[in-house]
Amino acid sequence: MSLRQYEYALAVAEHGSVTAAAELLRVAQPSMSQQIRGLERELGVKLFDRTPTGLVPTAVGHAFLREAEVAVSASRRARATARAGADELVGELVVAAQMGFGTRQLPGALGALRRRFPRLEVTVFEEPSSAELDRLCRRGVLDLALMAECEGTPDDAHHLGYEEFVVVLGAGHRLLAADRVELRELAGEPWVRFDRDSALDRVLRNVLRDNELTPVTAARVSQTATAARWAAQGLGVTLVPASAVPHGYEHLVRPVSPAVPQPVIAVLRQGAGPAETALLELLRQEIWSGSVPSSLLAH
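About the cut-offs
Residues numbered from 1 in each chain as written. Predicted model: local features only at pLDDT ≥ 70, side-chain atom pairs only at ≥ 80, totals over all residues. Heavy atoms only, no water. Axes fitted to C-alpha atoms, helices over the stretch in contact; angles between N-to-C directions. Helix = DSSP H or I, 4+ residues; strand = E, 2+ residues; numbered from the N terminus. Parallel < 35°, antiparallel > 145°, perpendicular 65-115°, else oblique. Contact = heavy atoms within 4.5 Å. Nonpolar A, V, L, I, M, F, W, Y, C, P; charged D, E, K, R; others polar. Core = buried A, V, L, I, M, F, W, Y, C linked by side-chain atoms within 4.5 Å. Buried < 20%, exposed > 50% of the residue type's maximum accessible area, 1.4 Å probe, protein only. Arc of directions from axis to C-beta. Polar contact = N/O pair within 3.5 Å; in protein donor to acceptor, adjacent residues only side chain to side chain. Phe/Tyr/Trp six-rings, centres within 6.5 Å; stacked < 30°, edge-to-face > 60°. 1 Å grid on protein atoms, 1.4 Å probe; cavity = no way out; pocket = protein on both sides within 12 Å on 5 of 7 lines; lining within 4 Å. Points joined across faces, edges and corners; volume = space filled by probe spheres on them. Pairing = 2+ DSSP bridges. Right-handed = clockwise from strand over helix to strand, strands pointing away.

Caption draft 1: Fine view of the packing of helix α1 (residues 3–15) against helix α3 (residues 29–43). Two numbers describe how α1 lies on α3: the axes approach to 10 Å, and their chain directions differ by 105°. By the angle between their directions, the pair α1 and α3 is classed as roughly perpendicular. Mapping the contact onto sequence places Gln-5, Tyr-8, Ala-9 and Val-12 in α1 and Met-32, Gln-35, Ile-36, Gly-38, Leu-39 and Glu-42 in α3. The residue inventory of the contact of α1 with α3, partitioned by class, reads 6 nonpolar, 3 polar and 1 charged.

Caption draft 2: Main features of the nonpolar core. Counting residues in each nonpolar core, the largest one holds 58 residues, and the members touching the most others are Leu-113, Leu-186, Leu-279 and Leu-283. Not counting the four nearest positions on each side in its chain, Leu-113 is found in contact with Leu-93, Leu-120, Ala-275, Ala-278, Leu-279 and Leu-282. Among the nonpolar cores identified, the runner-up in size contains 18 residues, and Val-12, Ala-21, Leu-39 and Ala-68 belong to it.

Caption draft 3: Representation of helix α2 (residues 18–25) within the structure. Turning to α2, its buried residues are Val-18, Ala-21 and Ala-22. All buried residues of α2 lie within an arc of 100° about the axis, which places them on one face of the element. Residues of α2 that are buried make contact with α1, α3 and β2 (54–57). Capping the start of α2 is the job of one residue whose side-chain oxygen sits 3.1 Å from the backbone nitrogen of Thr-19: Ser-17.

Caption draft 4: Spotlight on the packing of aromatic side chains. Inspection of the entire model under this criterion finds 1 aromatic pair. Seen from their ring centres, Tyr-6 and Phe-64 are 5.4 Å apart, and the 80° between their planes marks the pair as edge-to-face. Highlighted residues: Tyr-6 in helix α1 and Phe-64 in helix α4 (residues 59–84), separated in sequence by 58 residues. For Tyr-6, a relative accessible area of 16% translates into the label buried.

Caption draft 5: Main features of the layout of surface pockets. Taken as a whole, the second largest pocket encloses approximately 910 Å³ of empty space. Around the second largest pocket, the lining comprises 40 residues; the ones closest to its centre are Ala-148, Glu-149, Cys-150, Arg-202 and Gln-262. Among the elements that line the lining of the second largest pocket, the one with the most residues is helix α7 (residues 199–210), at 7 residues. Residues of the lining of the second largest pocket, tallied by class, amount to 23 nonpolar, 9 polar and 8 charged.

Caption draft 6: Layout of the pairing of strand β9 (residues 216–221). Alignment of strand β8 (residues 190–194) against β9, held across 5 bridges, turns out to be parallel. Following the sheet pairing, Trp-191 is matched in β9 by Thr-217. Chirality of the crossover, the property in question, places the unit of β8, α7 and β9 among those that are right-handed.

Caption draft 7: Looking closely at unusual backbone geometry. Each neighbour pair has its own omega, and for Ser-257 with Pro-258 the value is 0°, a cis peptide bond. Position of Pro-258 among the secondary structure elements: in the loop between β11 (253–257) and β12 (261–268). Residue Met-99 is not a glycine yet carries a positive backbone phi of 60°. With respect to the helices and strands, Met-99 occurs in the loop between β3 (91–97) and α5 (105–116). Positive phi, close to 50°, is recorded for Glu-127, a residue that is not glycine. Mapped onto the secondary structure, Glu-127 falls in the loop between β4 (120–126) and α6 (130–139).

This is the structure we're talking about:
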């Protein structure tokens, strides 16, 4: 077995077709088919089933591909580390941004990183659920995660600053007249909420509980930008990180009292390489709310 065979199998699984995978990797289709068949013979198992919609991994194939992805990612990282000394960092950098954190900061940092290492490819998982984040970690493909500090935060996490949560109101809402919204004034309001297993909904549940509010759920969404847009249309109010408010909706946003600050941390994979280390330093240079909010100092 070879890493090239692993890469071929992963490409076929992603695109559902040997032809499409061969075109992507710029390999002759007969050669790729031969490599996949050879891999199956060597393993003694069938990796793919042919269906009307294309090739689909078998149950054994799924298990094999998970491990193959870890092996291919490790190989790419090893090559990137070896070339970093020559200022030729290549390969893939995988980043997860939880809860909409870094919406304004991450693009600037990634832009600077790509200018420094133009051959580096970056994949960003935006607002993964807790289950998705756990899956990425278990697969060993995640290089850096932006997330909220919590009880289970690793000791080697890197503090970047704070994200302040704000309320998004519908056009013409009575509370837009205020410069700051008292959370208890939102009693009885319908809420645009988030997936039940998401970190965002956990923050919202805690805020509602702490302010003795009983939520009326109008809708559930998976993305902060969607929540803000739906709230702007009057479907309900929502609470999102200030940096995640889409452009053009700022006039419908108000800070809340008591404030809802969330510490933002970056967690790097064990044995972090030069790409994720460089990205961390660039994120530190972005503008975050770096000081501890007074509301926290009062506790």
